[in-house]
Amino acid sequence: MKRSVKILVSALLLASMSLTMVPAVLPAVQQTASAASNVSLVGRLENGFEWSWDESTGTVTIEGEGLLPANLSRMVSVTGSSPDTLILGDGVTGFSDNTTALSPGTLVLGAKFADTDFTSIKPAESFEVSRQNGNFLAYDGGLYSVNGQTLYSYATGDPDITLRNETRTTGPNAFYGCEVESIVIPETVTTLADGVFDHLNAEGNIPVVLPENLVPTGYSPLISTQYAYMPQFFYD
């Protein structure tokens, strides 16, 4: 009987100690280990968003509902601003204004993502789109409307950009930040958004091949089918 009492008292004492050791607030960044001993980090953002970092694959995943919070600086201090892959979960619908700049190798868009402004977060290599997303089509390095007729954005690291056939028009920031050496616009394109060649991350003349019947707004081609992009020349 005495032994039973001692065991019961010890169990209660351990339970009491474990309760007092639970922190009142979870830390902003936690370290976890998988069964395969791959160490990953998880953390929290504003508005209930959470991120995870798989260092073995260079993959950052952000989960939450609504617009991605603007301030990602705490996450970036851990993961860096250029992960191999950035996955935006199915609940993420777009970017907040002035979102922390990121340049992942691949940007994966979840089911509800609908934003078309990729001036803050833009991939260097490619876009990928969830099969449940009815807004976009990923093709080569470009992100298009689901019917393939509008180019919204292009990966920054492709030096020779050729739009897919059946493209009809472009968004205003389609080539934002692109380190490009040439751009080919197919015959199917009938209009270009004003300023589409603004903010190219390139030096010198960039040859842009245009359809003969296309007169882009704000530009004066040197030749009907080809002209050199020169920011100081074509813009007032």
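Residues numbered from 1 in each chain as written. Predicted model: local features only at pLDDT ≥ 70, side-chain atom pairs only at ≥ 80, totals over all residues. Heavy atoms only, no water.

## Concerning the overall build of the protein
When you go through the protein residue by residue, the secondary structure sums to three helices and 17 strands. Taken over 236 residues, the protein has a buried fraction of 40%. Counting contacts in the protein only where the partners sit at least 6 residues apart, residues at least 24 apart contribute 31% of the total. Accessible surface computed for the protein: about 13000 Å², of which carbon and sulfur atoms make up 52%. (Helix = DSSP H or I, 4+ residues; strand = E, 2+ residues; numbered from the N terminus. Buried < 20%, exposed > 50% of the residue type's maximum accessible area, 1.4 Å probe, protein only. Contact = heavy atoms within 4.5 Å. Areas by Shrake-Rupley, 256 points an atom, 1.4 Å probe, with all protein chains shown as cover.)

## A short note on unusual backbone geometry
Backbone geometry places Asn-98, a non-glycine residue, at a positive phi of 60°. Here Asn-98 lies in the loop between strand S7 (92-95) and strand S8 (106-109). The phi torsion at Glu-166 lies on the positive side, around 85°, for a residue other than glycine. When you line up the elements, Glu-166 lands in the loop between strand S13 (160-162) and strand S14 (169-170).

## Brief notes about the nonpolar core
Of all hydrophobic cores here, the largest spans 24 residues; its most connected members are Ile-62, Leu-68, Met-75 and Leu-88. Those elements that place two or more of their residues in this core are strand S3 (50-54), strand S4 (59-63), helix H2 (73-79), strand S6 (85-88), S7 and S8. Those residues in contact with Leu-88 that lie beyond four places of it in its chain are Ile-62, Leu-68, Phe-95, Leu-107, Val-108, Leu-109, Gly-110 and Phe-113. Core analysis: the next-biggest nonpolar cluster, separate from the first, contains 19 residues, Tyr-144, Tyr-154, Val-180 and Leu-210 among them. (Core = buried A, V, L, I, M, F, W, Y, C linked by side-chain atoms within 4.5 Å.)

## Quick word on the sheet that holds S14
Taken together, the four strands give an open sheet; going across it, the order is S10-S11-S12-S14, and neighbouring strands pair in mixed fashion. Both outer strands of the open sheet, strand S10 (136-139) and S14, are each paired with one neighbouring strand and no more. (Pairing = 2+ DSSP bridges.)

## Overview of the environment of Glu-128
Looking at the element boundaries, Glu-128 is found in strand S9 (residues 126-129). Measuring from C-alpha to C-alpha, the distance between Glu-128 and Leu-107 comes to 6.1 Å, with 21 residues separating the pair along the chain. When sequence neighbours within four positions are dropped, the list of residues in contact with Glu-128 reads Thr-106, Leu-107, Val-108, Leu-109 and Ala-138.

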